[in-house]
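# Examining the three-dimensional arrangement
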Amino acid sequence: MRQRARTHRGRKAGLVAVALAALSAAVLTACDSSSQQGARPGSASSRPTPSPSPTPPWDPTPRSLAAVGDSITRGFDACSLFTDCPEVSWATGTDARVNSLALRLLGPAGAAARSWNHARSGADVADLPAQMALAAAHKPELVTVMVGANDACADTMERMTPVETFRASFEASMARLRKDAPKAQVYVSSVPDLKRLWSTGRADPLGSRIWKLGICASMLGEAEDDSLSAQQRRDAVRQRIVAYNEVLADVCAEDDRCRYDGGAVFDYRFSGEQLSRWDWFHPSRDGQERLAEIAYRNVTAAKPAAGQAGGGAR
């Protein structure tokens, strides 16, 4: 009896072991099947997730600077009528009173040796890719951009640069810079509020006569006209500038080494003393100094400027 009981218990234990082994195999098979259904070999879920690349820190003390843009950066009409005056440029000028961004960052010797001005009077955003190529050739640590006023300043409203065309040209400009100078930092100024300049200068007899020669006709043409159609025209030009500034902010935000001024230049209220006494449109020496201050504040700030793309109060 004892022998048969032991034999019975042995058989029972063997059956339990077999059952457990079968159950384990079924569980493993189910897990493998589920894993294979949820993630194919080589799929994204089966590979380790790469760590995001850290955002490069902004260097507030660049050791070289190149400027691109239009007549404002060339100091046009700041020293004499219808003449460039790059020595008073807010970006690269050597005039001690203006105290340009280059002078503030590099000092007189550094500004003379390691700053370059490739802006051109009359340039619009379509000219920017070629200017960027020239700037990138220097391998500068900082590139300043101020462009867009000439895109809004056309003979007629219909000839203003379309917003999507403006975007495409600015994107192409940034791509060109990144191709030739991938580590360069970029400071982008907003386009000034041309309607505010019209409001400031329209009362000056000399300025209004100069405007009749064709300076920014879309905004400054028929400066004394207060009719509804004239007001609508000026508002439309201003809205186009707001749209350009939104493009500058958007494209700059996509680049880890780019800073937009947050609409600071657009929002700045230029006084008569800060506009050229010859055309009441371009910045004077005083106005160039204000632009240099705004740029230096943004370039050396611990964080990028917060604010609108450029559409503040009128």
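Anything mentioned here points back to the structure above.
Residues numbered from 1 in each chain as written. Predicted model: local features only at pLDDT ≥ 70, side-chain atom pairs only at ≥ 80, totals over all residues. Heavy atoms only, no water.

## Focus: the sheet that holds strand β4 (residues 185–188)
The parallel open sheet is built from five strands, whose spatial order is β2-β1-β3-β4-β5. Among the strands making up the open sheet, the edge pair consists of β2 (115–117) and β5 (258–260). Pairs of neighbouring strands in the sheet enclose a mean axial angle of 15 degrees, with direction left out of account. Sitting on the sheet, helix α5 (residues 163–180) is in contact with β3 (142–146), β4 and β5, with an inclination near 155 degrees to β4. The sheet strands contacting helix α11 (residues 285–300) are β3, β4 and β5, and the helix crosses β4 at an angle near 135 degrees. (Pairing = 2+ DSSP bridges. Helix = DSSP H or I, 4+ residues; strand = E, 2+ residues; numbered from the N terminus. Axes fitted to C-alpha atoms, helices over the stretch in contact; angles between N-to-C directions. Contact = heavy atoms within 4.5 Å.)

## Focus: the side chain of Ser173
Positionally, Ser173 belongs in helix α5. Those residues in contact with Ser173 that sit more than four places away from it in its chain are Val125, Leu128, Pro129 and Met132.

## Overview of the state of the cysteines
All chains considered together, the criterion is met by three disulfides. Between the sulfur atoms of Cys79 and its disulfide partner Cys85 the distance amounts to 1.9 Å. Note on the Cys79 and Cys85 pair: the S-S dihedral is about -65 degrees, so by sign convention the disulfide is left-handed. Two residues share a disulfide in this structure: Cys252 and Cys258, whose sulfurs sit 2.0 Å from each other. Disulfide Cys252 to Cys258: torsion about the S-S bond roughly -110 degrees, handedness left-handed. For the pair formed by Cys252 and Cys258, the shared burial category is buried. If you count the bonded cysteines of the chain from the N-terminus, they pair up as 1-2, 3-4, 5-6. (Disulfide = S-S within 2.5 Å. Buried < 20%, exposed > 50% of the residue type's maximum accessible area, 1.4 Å probe, protein only.)

## Focus on the packing of aromatic side chains
Taken as a whole and judged by the stated rule, the model has four aromatic pairs. With 6.3 Å between their ring centres and 70 degrees between their planes, Trp90 and Tyr187 make a pair best called edge-to-face. Highlighted residues: Trp90 in the loop between β1 (65–69) and α2 (101–114) and Tyr187 in strand β4, separated in sequence by 97 residues. In this pair, the class of Trp90 matches that of Tyr187, namely buried. A ring pair is formed by Tyr268 and Phe270, whose centres lie 4.9 Å apart and whose planes are at 75 degrees; its orientation type is edge-to-face. Taking relative accessible area as the criterion, Tyr268 reaches 24% and is therefore assigned partly exposed. (Phe/Tyr/Trp six-rings, centres within 6.5 Å; stacked < 30°, edge-to-face > 60°.)

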